[in-house]
Amino acid sequence: MTHPTDIVAYDYKAERLCPDCVAPALATGPGEDFDGWGTVGDAIPVEQNLTEIAYAFGINRGDETTFDSDYFPKVVFRDAMGEPGSPFGDGERHTCDHCDEVLG
Ligand SMILES: [Zn+2]
């Protein structure tokens, strides 16, 4: 069962990533935005991981206008995707920019 409000992807640093790819893509390296935050990978669900990082770095996930997707991932809901595999209005494909998995 799918829902229009399911999270199917994340927009982060000009890329559209599937939930599996967004956590490893986070800027946790030395000198990066979230320096010192260990990438926990599959240990906890990606949404929980993102919420914990947001809390630790004072990011308000409840209001995505308060941060930029270059800094922290913004969620993409199913109802924003249209039909899987079809082009966006802006020509983007509905696939993950890292693993090429079809989103949605
Ligand atoms: Zn991916």
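Residues numbered from 1 in each chain as written. Predicted model: local features only at pLDDT ≥ 70, side-chain atom pairs only at ≥ 80, totals over all residues.

Novice: When you look at the overall build of the protein chain in this model, what are you seeing that I'm missing?
Specialist: Helix and strand counts for the protein chain stand at two helices and three strands. Ordered by position in the sequence, the α and β elements of the protein chain form the string β-β-α-α-β. The proportion of buried residues among the 104 residues of the protein chain is 22%. Of all intrachain contacts in the protein chain linking residues separated by at least 6 positions in sequence, the fraction that spans at least 24 positions is 50%. (Helix = DSSP H or I, 4+ residues; strand = E, 2+ residues; numbered from the N terminus. Buried ≥ 20, exposed ≤ 12 C-beta atoms within 10 Å, placed from the backbone. Contact = placed C-beta atoms within 7 Å.)

Novice: What is the right way to look at unusual backbone geometry in this model?
Specialist: Unusually for a residue other than glycine, Lys-13 sits at a positive phi of about 50°. Checked against the element boundaries, Lys-13 lands in the loop between strand S1 (7-12) and strand S2 (15-17). Positive phi is not limited to glycine here, since Asp-100 has a value of about 70°. Along the chain, Asp-100 turns up in the segment after strand S3 (74-77).

Novice: Would you mind showing me how to read the sheet that holds S1 here?
Specialist: One key point about sheets: their strands pair by backbone hydrogen bonds, in either a parallel or an antiparallel sense. The strand order across the open sheet built from three strands is S2-S1-S3, with neighbouring strands paired in antiparallel fashion. A strand with exactly one partner marks an edge of an open sheet, and here the two such strands are S2 and S3. Between one strand axis and the next, the sheet turns through 35° on average, direction left out of account. Pairing of S1 with S2 involves three bridges; the strand directions are antiparallel. Paired with Asp-11 across the bridge in S2 is Arg-16. (Pairing = 2+ DSSP bridges. Axes fitted to C-alpha atoms, helices over the stretch in contact; angles between N-to-C directions.)

Remember that the coordinates give geometry; whether it matters functionally is a separate question.
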